[in-house]
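Listed below, chain by chain, are the residues.
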Amino acid sequence: MSYVENLVRNYGDFALDIPQWEILDKGVTVLWGPSGAGKTSVFRILLGLEDCPGMRWTFQGEDLGKLKSPDRRLGVVFQTLDLFPHMTAEQNILFAARARKIEPQRARKHLEQLSSDLRMKAFLRRPASVLSGGEKQRVAIARALMGEPRLLLLDEPFSALDQELREDSRQLVAHLIDERKIPTLLVTHDPRDVEVLADKISIIKSGRIVEEKASLS
Amino acid sequence: MNLRSLLRIGLVLFFLFPFIFLLTQFRISESPDIEELLWAFRNSFSQAFLSALGSLVLGVWASLALLSGSDSGGRRRFLKVMCLFPNFLPPLFILLAALNFLNPFPMGLTGISLVHIVMNFGLVAVLMTETIEVRLGGVTELAYVEGAGRWQFMTQVFLPVLRKDFLHIFLFVFVICFGSFSVPLIVGGIHGTTVEVLIYEKIRMSGDWGAAVVLALLQSVFIFLISFVAFRGPVPALQKITNLSLIKNSSGAVLIIAVMGAIALSYAQGLYRGLTQPIAWTIFTDDLWQATLGTVVLGLSVGICCYLGLLLIAYCSPKSWFERFLTGYVAPSTALACFSVLIVGPNEGVIPFIKIPLAITLLSLSSLYRMGWSTELQALRSQAQISYSMGASSWQIFTEIIFPQVTTRAGFLSGLAAVWACGDYAVSRILAHRDLSLGMMTETLMSGYRLNHAILMSSLIVVVAGLCFAFFVGGSRVLRRKFSP
């Protein structure tokens, strides 16, 4: 298990107050809540993009809260996907490998595996700026996984896709997470994400975790 | 402390250098001439007030024409470029055109204000257009649909809602004009001496450094206070296109085209007269070729310094305190910046070719930052954040993500700074004892009332500035291709 303790921060007009919270180290933990509940703030604090003095995040015996963002070794997909538009899909993915100093040969092999799992071969050499929404999303997930993260963090990753593509994408991500056995934290407000992906649901309201329960399925 | 932190502190110290210099040099050894000081302040204040008021009134009028161009992008873009054209040109060209257009030219406060209004009303129009669209877009549509009259809307909504924005924009132009040096130097005459010009005269003419420091301190404090009130942060981005039929008015387009057309025609007429005068070619002396070379050196060195400065800012970002500093930074007045550079080390030989680019970079970099560089970096912030959380080093983020995406913009902005440097005479006049560049030679001719010769000479600046601009725009594209992954 992975425990987050003392995730407390005051933003003036809004406060996060999570004394203790458990994130699964296997399967998908979903942080679910309405807009303005504090999901994105929690997400950014866990990533290390915002300070939260006093927070402890024990993950497999190590306190990630004390580490800088790059040293936490997390894979991330933001709602906006944020592909590097001047690079091809392949260059986007390999950037993550260079960032984590993964040997080129190993990175190549990993890339082949990912492109096969995520059905990306047809557009791997295309510039990121011309990819469709669904293609961009697959590249963003592949890029997050390329760095061999200890935990995958997804912030509303399906929200930019249309309804049909969203369903397909959910299934693909669920399959990938299951196959690779990578623990995942998914931040969402979409009940369908919870239905398809969640192994555990934490409900956040006004900066507090108000309910935690196991998956519906 | 890592390299990035050191570079960040180095940049901040570079920006603050004139102010630090001022504080270290400030000693009241003798009481300044209060009467002279008050007279210069009154002149500065009056011309800045008239300039800001005139720019605001004409700018608001012109902005209604920019609003009416929103349906047809091409027309609006054309008018916008026309509006911003005087800001992209060195002031020398506007001065030459204005002096040629109005004969006799009303030297003194009226003349200074006229030139300032021509230079700034277009900028006000562009700023006002953005403000109106963001603040009043939805309300205007609603009022239009509900059948409100134009007069009713203007008096009951437009003016009351935008009152604070008018004040901010007025103060923004006021600060620019209060610290203006190049315009009062030429068209101020003996009755229009401003604080900037008085500081220059104290240093260059009477060698009274003590009085110059006191004046510079008072002026800096005044500009800082006004800027503090005027600062309003960036206008939020436009959320949706709105129909502004209720307030748009095409008559402002006539104003924009008339003013910019008069500048272009007046300059062309002066050039023609210069070329057809029998003694026109007497300006082509050995000094001219040296000055041309000097202009190339100044243009290129300012461009390179600004290009490196902009990239350095990009490398040191994002950092909230650093970005807040750059956004809130008030550039020192021309006289103060030059004064601080002048007093450090020798000033003979080739030294002015080092000091002039440094001073122009110091004066231009913060304007370039606000002219789209901060927006450019802001747009890449989430890409930088995601790369950082992936474990990429700051060097990898800069070379692979930031640089390939911003180098073209940096090239454009540094090309613009190079154009300003090619047409500079104000900074050069303080830092050099003789005419080193075409800008300085043009100013000498202009001060000697040889206006057509001055315009002819300035046409060489156009050529050199154009080449420098092309060098930076083209060079940055080559670098982008070279460093693209």
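Residues numbered from 1 in each chain as written. Chains lettered and ligands numbered in written order. Predicted model: local features only at pLDDT ≥ 70, side-chain atom pairs only at ≥ 80, totals over all residues.

Undergrad: Is there a simple way to think about the overall build of chain B in this case?
TA: Within chain B one finds 19 helices and zero strands. In terms of overall size, chain B behaves like a compact globule, its C-alpha atoms giving a radius of gyration of 23 Å where 485 residues would be expected to give roughly 23 Å. Oriented by its inertia axes, the alpha-carbon framework of chain B measures out at about 65 × 60 × 50 Å. Here chain B holds 485 residues, and 46% of them are scored as buried. Considering only intrachain contacts with a sequence separation of at least 6, the fraction spanning at least 24 residues in chain B is 84%. (Helix = DSSP H or I, 4+ residues; strand = E, 2+ residues; numbered from the N terminus. Rg over C-alpha atoms; globule rule 2.2 N^0.38 Å. Buried ≥ 20, exposed ≤ 12 C-beta atoms within 10 Å, placed from the backbone. Contact = placed C-beta atoms within 7 Å.)

Undergrad: Can you walk me through the packing of helix α4 (residues 91-101) of chain B against helix α19 (residues 451-483) of chain B in this structure?
TA: Axes are the key here: two packed helices are described by the angle between their axes and the distance separating the axes. All names here are of chain B. At a closest axis distance of 10 Å, the pairing of α4 and α19 adopts a crossing angle of 150°. When the axes of α4 and α19 are compared, the pair comes out roughly antiparallel. For α4 against α19, the interelement crossing comes out left-handed. Two secondary-structure elements touch here, α4 through Leu92, Phe93, Leu96, Leu99 and Asn100 and α19 through Leu451, Ala454, Ile455 and Ser458. Its residues placed into classes, the contact of α4 with α19 shows seven nonpolar, two polar and no charged. (Axes fitted to C-alpha atoms, helices over the stretch in contact; angles between N-to-C directions. Parallel < 35°, antiparallel > 145°, perpendicular 65-115°, else oblique. Left-handed = near helix turned anticlockwise from the far one by under 90°. Nonpolar A, V, L, I, M, F, W, Y, C, P; charged D, E, K, R; others polar.)

Undergrad: What exactly am I supposed to notice about the domain arrangement of chain B here?
TA: Think of interface size as the accessible area that goes away when the parts come together; that is how it is often given. Residue and element names in this part refer to chain B. Looking at the assigned domains, one finds that chain B contains domain 1 (1-27 + 282-485) and domain 2 (31-276). The C-alpha centroid of domain 2 is placed 23 Å from the C-alpha centroid of domain 1. With 32 residues of domain 1 at the interface, the matching set in domain 2 holds 33 residues. Those elements that place two or more of their residues in the side of domain 1 that touches domain 2 are α1 (3-25), α13 (334-343), α16 (394-422), α17 (426-431), α18 (438-447) and α19. Looking at the side of domain 1 that touches domain 2, its residues break down into 19 nonpolar, eleven polar and two charged. (Domains from an automatic or database assignment.)

Undergrad: Can you walk me through the domain arrangement of chain A in this structure?
TA: Residue and element names in this part refer to chain A. Domain parsing of chain A yields domain 1 (1-73 + 150-217) and domain 2 (85-148). Centre-to-centre separation of domain 1 and domain 2, based on C-alpha positions: 23 Å. Facing nine residues of domain 1, the contacting portion of domain 2 comprises seven residues. Of the residues forming the side of domain 1 that touches domain 2, the biggest block, five residues, is contributed by helix α5 (residues 163-180).

Undergrad: How do you make sense of the environment of Leu145 of chain A when you look at a structure like this?
TA: All names here are of chain A. With respect to the helices and strands, the residue Leu145 is situated in helix α4 (residues 133-146). When the 23 C-beta atoms within 10 Å are taken as the criterion, Leu145 is described as buried. Taking the C-alpha atoms as reference, Leu145 lies 21 Å from Met1; in sequence the two are 144 residues apart.

Undergrad: Help me understand the confidence of the model for chain B, please; the structure alone is not making it clear to me.
TA: All names here are of chain B. For chain B, mean pLDDT is 88; residues scoring 70 or higher make up 94% of the total. For chain B, per-element mean pLDDT is lowest for helix α9 (residues 209-230), which scores 83, and highest for α16, which scores 95. Our summary of model confidence lists the complex with pTM equal to 0.85 and ipTM equal to 0.82. (pLDDT = per-residue confidence, 0-100.)

Undergrad: What exactly am I supposed to notice about unusual backbone geometry here?
TA: Among all residues except glycine, the phi angle is most often negative; among peptide bonds, the trans geometry is most common. Here the bond from Asn103 of chain B into Pro104 of chain B is cis, since omega is 5°, no more than 30 degrees from zero. Mapping Pro104 of chain B onto the fold places it in the loop between α4 and α5 (109-145). That bond from Ser317 of chain B to Pro318 of chain B is cis: its omega, -5°, falls within 30 degrees of zero. If you trace the backbone, Pro318 of chain B turns up in the loop between α11 (286-316) and α12 (320-328). Its identity as a non-glycine residue notwithstanding, Asn6 of chain A has a phi of 60°, on the positive side. The class of Asn6 of chain A is partly exposed, set by 17 C-beta atoms lying within 10 Å.

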